[in-house]
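# A look at the structure
Now for the letters of each chain:
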Amino acid sequence: MTPDPPLLAVERLSVDFPTDDGPLHAVDGVTFQIDEHEVVGMVGESGSGKTVTALALLGLLPRRAQIRGSVRLRGEELLGRPERDLEQLRGETVAMVFQDALASFNPVMSVGAQVGETIAVHHPEVSASARRERVVELLELVGIPDPAGRADEYPHQYSGGMRQRAMLAMALANDPALLVADEPTTALDVTLQAQVLDVLERIRDRTGTAILLVTHDLGVVAGLAERVLVMYAGRAVEEAPVDDLFAAPRHPYTLGLLASLPRLDRRTRGSPLFRIPGQPPSLVHRPSGCAFHPRCQFRALPAPCATDVPGPVEVGAGHQAACHRTELVADVTPQQLAIGTP
Amino acid sequence: MSAPAPAPPTVDDSSPRPLLEVRDLVKDFPVRGGFWRRTVGRISAVAGVSFDVPRGETFALVGESGCGKSTTARLILGLLRPTRGTVRLDGTDLMRARRRDVRRLRRRAQIVYQDPYASLNPRLTVGGIVGDPLRVHGLWADHGPERVTAVLEQVGLDPSDAHRYPHEFSGGQRQRVGIARAVVLQPELLVLDEPVSALDVSIQAGVVNLLDELQRLLGLTYVLIAHDLAVVRHVADEVGVMYLGKIVERGPADQIYEQPQHPYTLALLSAVPVPHPAQERGRRRILLAGDVPSPADPPTGCRFRTRCWRAQAICGEHEPPLETTPVGHAVACFFPGPEAGAGRSPR
């Protein structure tokens with residue numbers, strides 16, 4: 001008997017966008033998987049390919065995008081499926097929340113009716129009373145007090161935090177197997193962020209929904225994710241269990257990123273922050289070999305770093321780094337790098 | 001430290017006069033409505049803010065959208081006229097200065113904007129952008145080109161880039177152009193309005209370090225407006241936490257971060273995700289109920305009381321003054337203290 005396939009298996013996913021200067025390699029050969037109930041963080045800066053990857057999984061890329069590779073949900077290939085199948089899938093097996101989804105509430109419909117509608121679209125057989133019950137249960141799950149009473153209120157009667165919660169209730173309406181959250185906390189004030197993180201924790205702890213958390217915020221990933229994938233210039237450069245990634249990163253980019261973060265809990269005034277030199281690369285004219293090599297302090301030039309694209313190297317249990325020099329990175333911790341370097 | 005009246009200028013070497021003195025600053029904006037666009041109400045964006053910034057130090061104003069920190073920044077620069085209160089730069093009140101002195105005073109205080117994409121004129125070369133303030137102030141004839149070259153070098157750009165346009169640069173480099181433009185007039189005070197929040201994480205550290213370096217090198221005084229509390233901790237000497245137009249807690253940065261006393265400060269600090277998995281998993285965030293009330297109709301008494309788990313009757317009756325607590329910094333709360341409270345506030 002073959003074991004059950006993972007919830008989501010992405011293999012050698014590539015996405016190119018044609019531009020006047022040639023193809024833009026937004027995603028290049030990304031491979032990862034998400035198991036049932038698992039919370040995976042995907043971190044990267046703008047242009048790292050994290051959002052394009054998320055959109056590709058959901059079949060939401062514009063037509064001009066050239067997509068290659070494979071995306072299988074519980075063993076079934078999604079790439080190339082007709083739009084009608086994908087629509088069915090979205091909101092049922094896979095749900096998504098985006099950073100600007102707040103505006104998606106209809107102001108003249110009660111919050112409960114809107115959450116209920118999401119259920120009705122996919123499950124017309126569910127009776128009105130069962131639907132109502134489910135709506136109240138969902139609002140309770142996301143932490144809305146007096147859910148039965150609040151279900152009849154309109155979006156404008158909700159506070160900002162409550163609206164964020166209701167939006168997540170809507171995404172969970174059909175008990176999806178996977179929730180894709182793209183920058184769910186970006187652009188929100190800190191106290192609103194706290195509300196969103198609280199709901200995501202509730203979802204992780206109380207439902208079986210797996211979460212793909214796409215974000216640039218390493219703090220958000222630290223608290224929520226079990227496993228983390230780090231993206232740079234369209235490629236996955238490191239993947240590790242969350243504790244290993246933060247304590248002992250094995251890709252120079254991850255190491256540099258962690259070392260360069262100012263800390264809320266330390267007195268560092270007066271000493272310079274560690275700084276990754278240079279700028280993120282252009283995705284049209286990407287550096288040869290390892291895309292990070294022009295900014296890397298561990299590089300060996302020209303070969304192999306500027307000549308060969310590094311493949312993933314197994315450096316620990318469930319821990320991979322796409323780096324030719326990863327054994328050198330093992331000797332340095334972010335803390336060492338963070339203190340007193342120019 | 002609760003905002004004494006500005007002392008008369010005295011010559012006293014032991015405590016030199018702060019470069020910037022902000023006293024009881026108030027800014028109301030009229031709310032207009034109806035057919036005649038009459039004033040039907042007032043939004044108090046800044047409702048009595050006071051602080052000093054000693055020469056060479058960094059004062060950070062933190063708070064969430066709508067708290068009044070950006071309006072305060074604009075009042076400091078004289079870009080807005082205060083409804084009440086004073087802003088003194090090196091002892092001179094900008095609003096009462098004689099007209100011919102105003103331009104000279106303005107030169108001494110400059111601003112760095114948040115978005116290096118929107119704040120640079122795309123039709124000017126980098127050299128043109130950085131040289132523009134010199135032209136505006138009639139200083140171009142006095143070694144303008146050399147001055148531009150020197151400043152570009154100072155901010156870590158290649159002077160040969162002077163003929164290139166902003167779109168040819170990355171975000172981090174553009175922010176350096178913005179900083180060069182701000183320091184070219186050799187100001188004493190820089191208002192930094194979210195200087196790194198539009199930048200990618202790997203770029204932020206370089207700009208933060210540059211600001212630190214320039215401060216040391218040029219003796220600059222900074223007013224930093226920021227919402228990233230980790231960046232603020234690294235950069236600021238003093239911090240003022242703003243809520244709905246008022247400073248609710250003010251003091252040395254390390255004290256504010258290590259011994260916060262105001263419930264709002266506690267909530268803010270508890271909410272920032274920290275890049276440390278074990279710490280982050282074990283942490284209890286304080287979740288505030290409701291929204292920030294409208295500045296057109298703020299609560300009586302303490303403005304934070306509608307979301308506060310410590311609120312008592314007195315909080316609605318009187319406004320808590322910003323007073324120094326036993327901990328040693330100023331807090332505007334009748335019940336200051338470090339506890340998050342048995343009640344995380346009701347959701």
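Residues numbered from 1 in each chain as written. Chains lettered and ligands numbered in written order. Predicted model: local features only at pLDDT ≥ 70, side-chain atom pairs only at ≥ 80, totals over all residues.

## Quick notes on the overall build of chain B
Worth spelling out the cut-off: Segments assigned H or I by DSSP are reported as helices when at least four residues long, segments assigned E as strands when at least two residues long, and all are numbered from the N terminus. Only the C-alpha atoms count toward the radius of gyration. The rule for a globule is 2.2 Å times the residue count to the power 0.38. Exposed residues have 12 or fewer other C-beta atoms within 10 Å of their own C-beta, buried residues have 20 or more, and partly exposed residues fall in between, where C-beta atoms are placed from the backbone. Placing C-beta atoms from the backbone, we regard two residues as in contact once those atoms come within 7 Å.
The secondary structure content of chain B amounts to 11 helices and 12 strands. Taken against the 2.2 N^0.38 rule, which gives 20 Å for 347 residues, the C-alpha radius of gyration of chain B at 21 Å falls within 12% of a compact globule. With the C-alpha coordinates of chain B rotated into their principal frame, the extents come out at 65 × 55 × 55 Å. Within chain B, the proportion of its 347 residues that are buried is 46%. Across chain B, every contact between residues at least 6 apart in sequence was considered, and the portion connecting residues at least 24 apart equals 66%.

## Some details on the nonpolar core
Heads up, the condition is: In this description, a nonpolar core means buried residues of the types Ala, Val, Leu, Ile, Met, Phe, Trp, Tyr and Cys, linked to one another by C-beta atoms lying within 7 Å. Each domain's extent was defined by an automatic or database domain assignment.
Counting residues in each nonpolar core, the largest one holds 195 residues, and the members touching the most others are A:Leu213 and B:Val223. No other element matches the eight residues that helix α7 (residues 190-206) of chain A contributes to this core. Counting the residues that make up this core, at least three belong to each of domain 1 (8-231) and domain 2 (250-338) of chain A. Ignoring sequence-local partners within four residues, the contact set of B:Val223 consists of B:Leu20, B:Val53, B:Phe59, B:Leu61, B:Ala73, B:Ile76, B:Leu189 and B:Val191.

## Describing the domain arrangement of chain A
All names here are of chain A. Spelled out, the test is: Each residue gets one of three labels, nonpolar for Ala, Val, Leu, Ile, Met, Phe, Trp, Tyr, Cys and Pro, charged for Asp, Glu, Lys and Arg, and polar for the others, Gly among them.
On domain assignment, one finds that chain A holds domain 1 (8-231) and domain 2 (250-338). Centre-to-centre separation of domain 1 and domain 2, based on C-alpha positions: 30 Å. The interface of domain 1 with domain 2 comprises 11 residues on the first partner and 11 residues on the second. Contributions of two or more residues to the side of domain 1 that touches domain 2 are made by β2 (22-34) and β9 (227-232). Among the elements that make up the side of domain 1 that touches domain 2, the one with the highest residue count is β2 (four residues). Class assignment for the residues of the side of domain 1 that touches domain 2 results in four nonpolar, four polar and three charged.

## Details of the sheet that holds strand β5 (residues 92-93) of chain B
Residue and element names in this part refer to chain B. Operational definition: A pair of strands is labelled paired if DSSP reports no fewer than 2 bridges between them. Axis angles are defined between N-to-C directions and span 0 to 180 degrees, where every axis is a line fitted to C-alpha atoms and, for a helix, only to the segment in contact.
Pairing is antiparallel across the open sheet formed by four strands, whose spatial order is β2-β1-β4-β5. At either end of the open sheet lies a strand with only one pairing partner, and these are β2 (38-53) and β5. When strand β1 (residues 20-33) meets β2, the two strands line up antiparallel, connected through 12 bridges. Its bridge partner being in β2, Leu25 is matched across the sheet by Val49. Running over the sheet, helix α1 (residues 69-76) touches β1, β2 and β4 (84-89) and is turned about 115° from β1.

## Focus: the interface of chain B and chain A
Size of an interface, as often reported, equals the accessible area lost when the parts are brought together. The partner chain A presents 43 residues to the 40 residues of chain B that form the contact. Listed by contribution, the elements that provide at least two residues to the side of chain B that touches chain A are α6 (201-218), α7 (229-235), α8 (253-258), α9 (263-271) and α10 (277-281) of chain B. A per-element tally of the side of chain B that touches chain A places α6(B) first, with eight residues. The residue inventory of the side of chain B that touches chain A, partitioned by class, reads 20 nonpolar, 10 polar and 10 charged.

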